[in-house]
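Structure assessment
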Amino acid sequence: MKLTMSLPERPGWIFAIPGFDFLALLLALVSLTGVVAREGLVEVKLPSSEFRGVRLGDKNPVVVMLKSTAGEPRFFVGQTEVPEAQLGEVILKEAAERETRAVVMQVDREASMAERQALINIIARLKGLRIFDGYRRSGESEKGN
């Protein structure tokens with residue numbers, strides 16, 4: 001018994017069909033990866049938490065800096081040094097000019113907790129202002145001043 005081929009001697013395009021399948025698969029992969037590449041950025045909205053800081057948003061807060069020195073602490077509103085007795089008035093005036101109720105404290109690392117608490121008490125006596133604890137500035141970056 002002799003094996004005979006069921007296809008004609010010259011099958012023609014029958015051997016090219018797997019090539020068309022390969023091209024279709026390649027085209028599908030390229031088109032799918034193109035869609036994924038365009039969606040590169042994803043916005044993540046996290047729920048509010050007591051452990052995350054509060055964003056100030058578009059507010060223009062009054063920035064009060066406390067610098068600790070060997071003598072009495074020095075207070076700055078903006079770039080202007082303000083005596084402790086006039087600090088409340090200056091903060092209210094700045095808040096009115098900026099049309100904000102937010103006050104951000106920047107405290108030197110060398111400042112004591114008593115000095116920091118004194119600043120908090122001064123701002124807390126001013127009704128209607130919200131106090132935000134900014135960041136503690138390192139004294140090393142301010143040695144030139």
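Everything below is about the structure printed above this text.
Not measured: the values here are computed from a predicted model. (Residues numbered from 1 in each chain as written. Predicted model: local features only at pLDDT ≥ 70, side-chain atom pairs only at ≥ 80, totals over all residues. Heavy atoms only, no water.)

As for the pairing of strand β1 (residues 62–67)
- Along β1, five of the six residues are buried, which leaves the element largely enclosed by surrounding structure.
- Bridge analysis of β1 against strand β2 (residues 74–77) gives four bridges, and the strand direction is antiparallel. Looking at the pairing, Met65 lines up with Phe76 of β2.
- Between β1 and β2, which pair antiparallel and follow one another directly, the connecting turn spans six residues. (Buried < 20%, exposed > 50% of the residue type's maximum accessible area, 1.4 Å probe, protein only. Helix = DSSP H or I, 4+ residues; strand = E, 2+ residues; numbered from the N terminus. Pairing = 2+ DSSP bridges.)

A word on the pairing of β2
- Here β2 pairs with strand β3 (residues 80–82) via three bridges, running antiparallel. Residue pairing in the sheet places Val77 in a bridge with Thr80 of β3.
- Taken together, β2 and the strand that follows it, β3, pair antiparallel across an intervening segment of two residues, in which Gly78 is found at a positive phi of about 70°.

Focus on a nonpolar patch on the surface
- A cluster of nonpolar residues, Ile14, Phe15, Ile17, Phe20, Phe22, Leu23, Leu26 and Val30, forms a patch on the protein surface that exposes about 850 Å² of accessible area.
- Among the structural elements, Ile14 can be located in the segment before α1 (17–38). (Patch = residues over 30% accessible without salt bridge, like charges linked within 9 Å, V, L, I, M, F, W, Y side chains within 5 Å. Areas by Shrake-Rupley, 256 points an atom, 1.4 Å probe, with all protein chains shown as cover. Salt bridge = Lys/Arg side-chain N within 4 Å of Asp/Glu carboxyl O.)

Overview of the pattern of salt bridges
- Applying the stated rule across the entire model yields three salt bridges.
- Between Asp133 and Arg116 there is a salt bridge; the shortest N-O distance is 2.4 Å. On the criterion of sequence distance, the pair formed by Asp133 in strand β5 (residues 130–137) and Arg116 in helix α3 (residues 113–125) is long-range, its members being 17 residues apart.
- The class of Asp133 is partly exposed, set by a relative accessible area of 42%.
- Residue classification places Arg116 among the buried positions, given a relative accessible area of 14%.

So, α3
- With 13 residues, α3 ought to run about 18 Å at 1.5 Å a step, and its terminal C-alpha atoms sit 18 Å apart, in line with that.
- Buried within α3 we find Glu115, Arg116, Leu119, Ile120, Ile122 and Ile123. Angular distribution of buried residues about the axis of α3 spans 160°; they occupy a single face of the element. Turned more than 90 degrees from where α3 packs its buried face, Met113, Ala114 and Arg125 sit exposed. (Expected span 1.5 Å × (residues − 1). Arc of directions from axis to C-beta.)

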